[in-house]
Each structure stands twice: as structure tokens, then as C-alpha cells.
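Here's the letter readout for the chains.
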Amino acid sequence: MINLLKKKFLSFFYKISPYSQAGQDIFALELFGDKGTYIDIGSGLPAKGNNSYLLEVKNNWSGFCLDFDMSQKINWEKCPERMNKVYWHDATIFDYKNATTENKLPIDIDFLSCDIDPQEKTFLALKKVFTDGLRPKSIAFETDFYREKTDYSLLAELFLKPYGYEIGVRNVYSGLKKNKIFETWFVHKSLNFKPIDYKEWVKKK
């Protein structure tokens, strides 16, 4: 009975995607289809709650993950289908340019997921990606707006605007936290993506 309730809970919490918290992977697939490229900063677990599992394992995307929490390493070792590189390093000082070269990725990767704590470091990691010369076409940027005093969505928007980015999906929340906005998804203007509120994007699923 407990396992059944747990499955029902998870199926609701991950109602957009069986893996990512709010459908970040689904959004990336809508934009780029199969065989895209990604960088997953703050990847956490290898499957559940992960923004790149569906991309790599089910859709043949190339890329790499990055996480600072070495306690997660054992979970990745138990997930052999995750064959792309995982780096255990501080995202704010990591050498992204070297890693893209090492993994034979272009500097204009399709999808960047940027999600570490605290949010100040998420913003620093985002800036480091650009300092290293990378130009992702789309970005899932965690803001934790519902609990942060600083509006990191606005800071990211102001930082990214000169590079040609705009908000693609705003006010992103997870299945059980509709009143807790925690992320903003940015897209490069070259994609010609029509901006949409997350609530409306979900209705189309």
C-alpha cells in the first residue's frame, strides 16, 4: 500500500516528465528533438529529478553533468545507462571550455541546465559558462523566487540580454508547488520562440 501511494505521489509530482521536476527535458526536446547537446549543472541524482536523463538515455543526446556533492557518486555508479561524463567539481570555477572540448561538444550547446544551491552560486555558475565562451541556445535557470529575497530571474535576464537571450517560459513551478516559482527558461532570439507563461505551457501537454 505504501509503495502504491508513493508511486501515485511521484506520478503527480513528475506529471510533465517522468524524470525532470518541471519538464525541462521535454522543453529541450520540443526545441531540438533527438541527438542534441547539453550541460547539466547541479545534476543531482542520475534519473529521478534529473534534467538530462531523458535527453541522454532515451534521445541520444551528447553532453556532460556536473555536481559538487560527492555523496551522489555511488548513485551514478548504480546507473550504468548514464554513459556520458560526470564531473565532480565546483560549478563556479569549473573549466567549461575545456570540458566541451574534451567531450567533443560545440560551444553553442542546445541546452544548459543551471541548478545549484544557494542561488547566488547558480548565478555565478551561469556567468562562468559565458566567461568560458559557451553560448547555449536554451537555458533552464533555477531562481527559487518563492524563497529568495533577490530576484535572480531578473538578474539573469539582465545578464543574458546583451548576448541575445530572452525569457522563453516564465514562472516555472513543479507539480506540487504551483505557488512556488522556482525557475525561468531562457532562449536565444535566433530560435524565434514565442514567450509563454509556464501555466499555459503545461496546459498544452
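1. Some remarks on the pattern of salt bridges
Then comes step 1: Tallied over the full model, the rule gives 6 salt bridges.
Then comes step 2: Ionic pairing is found between glutamate 56 and arginine 82, a salt bridge with its closest N-O pair at 2.6 Å. Here glutamate 56 is found in helix 3 (residues 53-59), whereas its partner arginine 82 is found in the loop between helix 4 (73-77) and strand 3 (86-88), with 26 residues between them in sequence. The same class applies to glutamate 56 and to arginine 82, which are both buried.
Then comes step 3: Its salt-bridge partner being arginine 147, residue aspartate 117 comes within 3.6 Å of it at the nearest N-O pair. Taken together, the residues aspartate 117 in the loop between strand 4 (111-114) and helix 6 (119-131) and arginine 147 in the loop between strand 5 (138-142) and helix 7 (152-160) connect sequence positions 30 residues apart.
Then comes step 4: Take aspartate 117: its relative accessible area is 53%, and that puts it in the exposed class.

2. A closer look at the nonpolar core
Then comes step 1: Within the largest apolar cluster, 31 residues are counted, with the highest numbers of intra-cluster contacts made by Trp61, Val169, Trp185, Tyr198 and Trp201.
Then comes step 2: Of all the secondary-structure elements, those providing two or more residues to this core are helix 2 (24-32), helix 3, strand 6 (165-172), strand 7 (183-188) and helix 8 (198-203).
Then comes step 3: In terms of residue count, the dominant contributor to this core is helix 2 (5 residues).
Then comes step 4: When residues no more than four places from it in sequence are discounted, the contact partners of tryptophan 201 are Ile16, Ala22, Gly23, Ile26, Phe27, Glu30, Trp185 and Ile196.

3. A look at unusual backbone geometry
Then comes step 1: Here the residue pair aspartate 117 and proline 118 is connected by a cis peptide bond, since its omega of -10 degrees sits within 30 degrees of zero.
Then comes step 2: Phi at asparagine 60 is positive, roughly 60 degrees, even though this residue is not glycine.
Then comes step 3: Positionally, asparagine 60 belongs in the loop between helix 3 and strand 2 (62-67).
Then comes step 4: Unusually for a residue other than glycine, lysine 104 sits at a positive phi of about 55 degrees.
Then comes step 5: Within the secondary structure, lysine 104 sits in the loop between helix 5 (96-102) and strand 4.
Then comes step 6: Since its relative accessible area comes to 78%, lysine 104 is described here as exposed.

4. Side note on the environment of phenylalanine 27
Then comes step 1: Assignment of secondary structure puts phenylalanine 27 in helix 2.
Then comes step 2: Each residue touching phenylalanine 27, except ones within four places of it in the same chain, is listed here: Val169, Trp185, Val187, Phe193 and Trp201.

5. Some remarks on helix 7
An α-helical turn contains 3.6 residues, so any two residues separated by three or four positions project in the same direction.
Then comes step 1: Buried within helix 7 we find Tyr152, Ser153, Ala156, Phe159 and Leu160. Considered in projection along helix 7, the buried side chains sweep an arc of 130 degrees and stay on one side of the axis.
Then comes step 2: Summarising the contacts, the buried residues of helix 7 are in contact with helix 6, strand 5, strand 6 and strand 7.

6. What to know about the confidence of the model for the chain
Then comes step 1: Summarising the model, the chain shows a mean pLDDT of 92, and 92% of its residues fall at 70 or more.
Then comes step 2: For the stretch residues 1-14, pLDDT sits under 50, and the model shows 12 contacts to residues farther than four places along the chain or on other chains.

7. Notes on helix 2
Then comes step 1: Here helix 2 lies mainly inside the structure; 7 of its 9 residues are buried.
Then comes step 2: What helix 2 keeps buried is the set Gln24, Asp25, Ile26, Phe27, Ala28, Leu29 and Phe32.
Then comes step 3: In this fold, the buried residues of helix 2 make contact with helix 3, strand 4, strand 5, strand 6, strand 7 and helix 8.

About the cut-offs
Residues numbered from 1 in each chain as written. Predicted model: local features only at pLDDT ≥ 70, side-chain atom pairs only at ≥ 80, totals over all residues. Heavy atoms only, no water. Salt bridge = Lys/Arg side-chain N within 4 Å of Asp/Glu carboxyl O. Helix = DSSP H or I, 4+ residues; strand = E, 2+ residues; numbered from the N terminus. Buried < 20%, exposed > 50% of the residue type's maximum accessible area, 1.4 Å probe, protein only. Core = buried A, V, L, I, M, F, W, Y, C linked by side-chain atoms within 4.5 Å. Contact = heavy atoms within 4.5 Å. Arc of directions from axis to C-beta. pLDDT = per-residue confidence, 0-100.

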